[in-house]
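Structural characterization, general
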Amino acid sequence: MDIQVHEGALVLTETTEGTDRRAFGEFVGPRGELASYAFGWTTGADPHAACLSVGIGAGNPGGGTFHAVIFPHEDGHAFSLTGDPFERVPQGGPDLTADEARAHGDLPFVWAVADEVMRRDRRAWWMRHWLLGTLCVQTVEVFERREPILLVQHDADDGMWQLVGASDADGGTGKVGHLHHAIDEDPTLIDVLDLPPGGSVTRTGAGSPWTGRA
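1. Remarks on the pairing of strand β5 (residues 64–73)
Pairing geometry for strand β4 (residues 50–56) and β5, over seven bridges, is antiparallel. Within β5, the residue paired with valine 54 across the bridge is phenylalanine 66. By the bridge criterion, six bridges tie β5 to strand β6 (residues 76–81) in an arrangement that is antiparallel. Across the sheet, residue isoleucine 70 finds its bridge partner in β6, namely phenylalanine 79. The hairpin turn running from β5 into β6, its antiparallel successor, is two residues long, and glutamate 74 in that turn takes a positive phi close to 55°.

Right under this line is the structure:
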């Protein structure tokens, strides 16, 4: 049986700091191991840090809910256990403190779940770009929302993302912004946020399927 990550609900709440996003889902391991998870971030939070909850063993001795913060680290992200509960999840048991979580025999499995969620859940890709402050160049027509995004390119040399509409890109008028803001405006980008350096995708119109890859 392959590892499965099933995306669940995405709950958006407006706060004084910005939009609070909480994504829920389920994990199934190669031998049928079950876990539930939730992660989230608030757009205007400073510094950038996100939250994660992973629950295992509901109703069983040793079951519990592990909580962690996710933060930028070098060129990626890292996790740190915390005793501050984030979310309740179906497979979870009692909320564990950071010390209880560190001493728990299933902590390696929980970290494996966290890694797979970051790798496979599209909302986690969105969150990671927010955490890292990923930059993108947009044509002025896309930036001003006069044209839908029809081409997404992830440059191999500098890692920059390019978002282009129907009009040809003009290096003199391009607008630099954060990729996560572009996703806020066009959530359909969520399907291509794992585009590797050197890759590109296109579509014929807003809402049409993306084609192409590395």
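2. Looking at the sheet that holds strand β1 (residues 4–15)
Strand order across the open sheet formed by six strands is β1-β2-β3-β4-β5-β6, with antiparallel pairing between neighbours. The open sheet has two free edges, formed respectively by β1 and β6, since each of these has just one partner strand. Going across the sheet, the axis of each strand differs from the next one's by a mean of 20°, ignoring polarity. Pairing analysis gives nine bridges linking strand β2 (residues 18–28) to strand β3 (residues 34–42), with the strands arranged antiparallel. From the neighbouring strand, alanine 23 faces β3, where its bridge partner is phenylalanine 39. Taken strand by strand, helix α2 (residues 107–120) contacts β1, β2, β3, β4, β5 and β6, and its axis lies near 145° from that of β6. Relative to β3, helix α3 (residues 122–132) is tilted by about 35°, and along the sheet it contacts β1, β2, β3, β4, β5 and β6.

3. Focus: α2
When the terminal C-alpha atoms of α2 are compared, their 20 Å separation across 14 residues agrees well with the 20 Å that a helix rising 1.5 Å per residue should span. Looking at α2, one finds that the buried residues are Leu107, Val110, Val113, Ala114, Glu116, Val117 and Met118.

4. As for the sheet that holds strand β8 (residues 151–154)
Taken in spatial order, the five strands line up as β10-β7-β9-β8-β11 in an open sheet, and their pairing is mixed. The outermost strands of the open sheet, each flanked by one partner alone, are β10 (175–178) and β11 (200–202). Each strand of the sheet is rotated relative to its neighbour by a mean of 20°, with strand direction disregarded.

5. Details of the packing of α2 against α3
Where α2 meets α3, the axes come as close as 5 Å, and the angle between the chain directions of the two elements is 85°. The angle between α2 and α3 places the two elements in the roughly perpendicular class. Contacts from Val117, Met118, Arg119 and Arg120 in α2 reach Arg122, Ala124, Trp125, Met127 and Arg128 in α3. Tallied by class, the residues present in the contact of α2 with α3 amount to five nonpolar, no polar and four charged.

6. Concerning the side chain of aspartate 20
Note that aspartate 20 resides in strand β2. Taking relative accessible area as the criterion, aspartate 20 reaches 12% and is therefore assigned buried. In terms of polar contacts, aspartate 20 uses its side chain to reach the side chain of threonine 42, at 2.9 Å. For aspartate 20, the residues in contact, after removing those within four places along its chain, are Val11, Leu12, Thr13, Thr15, Trp41 and Thr42.

7. Quick notes on the pattern of salt bridges
If the charged atoms of two oppositely charged side chains come close together, the side chains can form a pair. Applying the stated rule across the entire model yields 14 salt bridges. In this structure, arginine 122 and glutamate 7 form a salt bridge, with 2.8 Å as the shortest nitrogen-oxygen distance. Of this pair, arginine 122 sits in helix α3 while glutamate 7 is found in strand β1, placing the two residues 115 residues apart along the sequence. A salt bridge links arginine 102 to aspartate 99; the nearest nitrogen and oxygen atoms lie 2.9 Å apart. Linking arginine 102 with aspartate 99, this pair stays in helix α1 (residues 98–103), spanning three residues, or about one helical turn. Residues joined by salt bridges that share partners form a network here, namely Glu7, Asp121, Arg122, Arg123 and Asp191.

So, how was this worked out
Residues numbered from 1 in each chain as written. Predicted model: local features only at pLDDT ≥ 70, side-chain atom pairs only at ≥ 80, totals over all residues. Heavy atoms only, no water. Pairing = 2+ DSSP bridges. Helix = DSSP H or I, 4+ residues; strand = E, 2+ residues; numbered from the N terminus. Axes fitted to C-alpha atoms, helices over the stretch in contact; angles between N-to-C directions. Contact = heavy atoms within 4.5 Å. Expected span 1.5 Å × (residues − 1). Buried < 20%, exposed > 50% of the residue type's maximum accessible area, 1.4 Å probe, protein only. Parallel < 35°, antiparallel > 145°, perpendicular 65-115°, else oblique. Nonpolar A, V, L, I, M, F, W, Y, C, P; charged D, E, K, R; others polar. Polar contact = N/O pair within 3.5 Å; in protein donor to acceptor, adjacent residues only side chain to side chain. Salt bridge = Lys/Arg side-chain N within 4 Å of Asp/Glu carboxyl O.

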